[in-house]
Amino acid sequence: MKVFVAGATGVLGRSLVPQLVARGHEVTGMTRSPSKQDLVRGLGASPVVADALDPDAVAQAVASAEPEVIVHELTALSGPMSIRDVRRPDRSIAATMTNRLRTEGTDHLLAAGRAVGARRFVAQSFGAFRFARTGGPVLTEADPLDPDPPGALRAPLVGILHLERAVTTIDWGEGLALRYGGFYGPGTAISQAPDAQMAAPIRKRRFPIIGDGGGVFSHVHIEDATAATAIAVDRGQPGIYNIVDDEPAPVREWLPVLASALDAKPPRRIRRWLGRLLAGEATTLVMTEVRGASNEKAKRELGWEPRYASWRQGFVQGLG
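In what follows, the accompanying structure is described. Quick caveat, the model's predicted, so the values are computed rather than measured.

Notes on helix α8 (residues 222-234)
Working step 1: When the terminal C-alpha atoms of α8 are compared, their 19 Å separation across 13 residues agrees well with the 18 Å that a helix rising 1.5 Å per residue should span.
Working step 2: Most of α8 is tucked away, with 10 of its 13 residues classed as buried.
Working step 3: A positive backbone phi angle near 115° is found at G236, which sits one or two residues after α8.

The following block contains the structure:
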């Protein structure tokens, strides 16, 4: 098939494009930067340059490719995080831009897909942790998101909900939203690279366990996320899918294991009140109260099985 990948040079796009090419698809990769066209070619795709926030540019790029499937992997979450970003993620430049890509960017790609008669649309959503703070520790796609999240989490939630609703209700094709867990592995925020976004503060013991560390996270290795996405290009009913490993776990369990895998000292522990003071209410809530995600639907309906079934194995063997 002809497949159009928006965000072809992002962390997942760089892994996805070669896999789609290997599966026999004709891939066009969209990038905002003209200087990255050679990278797209090196991945095996035909490059096209367009700003995802420019509807005319997106329409022209998609029309030139005439894809049967559009894959939306656009975010702006790479690069270092400041203390201000941690305290108020809704005010960070990266989060603001990602929110626009999840709202405006999604709408532009959907309009372009409709115009060219695409039959399938696969988009990146978020499932590393659920914002809901009720029910058991692990929730499914059918469980609700938090109807009243803290102020700093409301803007990101708006973007996620917009993307999921827009993609899964299209009337011109099949729309799938993939809620990826927290990425780890080569090129991600959790890797052996010295400047990896999350790994760097963990090595410096600046990523403490707040309170009881009871917030439940779901992780997924970048290779497993890529494999699930490649499957979703080919099959799967419209809807939302959690793309996470088999073992959602509280921060107090996985963070010490990750620190050890990064050759770092064990994370510090701080009281909840101090966490609120230093990191803000939203981060404290995430570290203590959020819920993980179940992957049973993706395994059952997509026929996907993660190679790294648990972060316990993946952190040791797959950080790269």
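Don't stop here, the text continues.
Focus on helix α9 (residues 251-261)
Working step 1: Within the sequence span of α9, burial applies to V251, W254, L255, L258, A259 and A261. Taken end-on, α9 shows its buried residues confined to a sector of 160°, consistent with a single buried face.
Working step 2: Just beyond α9, the residue with positive phi is D263, at close to 60°.

Here's the deal with the packing of aromatic side chains
Working step 1: For the coordinates displayed, the defined rule picks out 6 aromatic pairs.
Working step 2: An angle of 85° between the planes, with centres 5.1 Å apart, marks the rings of F126 and F129 as edge-to-face.
Working step 3: Assessed through its relative accessible area of 24%, F126 is described here as partly exposed.
Working step 4: An angle of 45° between the planes, with centres 5.8 Å apart, marks the rings of W311 and F315 as tilted. Note that W311 and F315 are positioned in helix α13 (residues 311-317) at a spacing of 4 residues, about one turn of the helix.
Working step 5: For F315, a relative accessible area of 1% puts it in the buried group.

Rules used throughout
Residues numbered from 1 in each chain as written. Predicted model: local features only at pLDDT ≥ 70, side-chain atom pairs only at ≥ 80, totals over all residues. Heavy atoms only, no water. Helix = DSSP H or I, 4+ residues; strand = E, 2+ residues; numbered from the N terminus. Expected span 1.5 Å × (residues − 1). Buried < 20%, exposed > 50% of the residue type's maximum accessible area, 1.4 Å probe, protein only. Arc of directions from axis to C-beta. Phe/Tyr/Trp six-rings, centres within 6.5 Å; stacked < 30°, edge-to-face > 60°.

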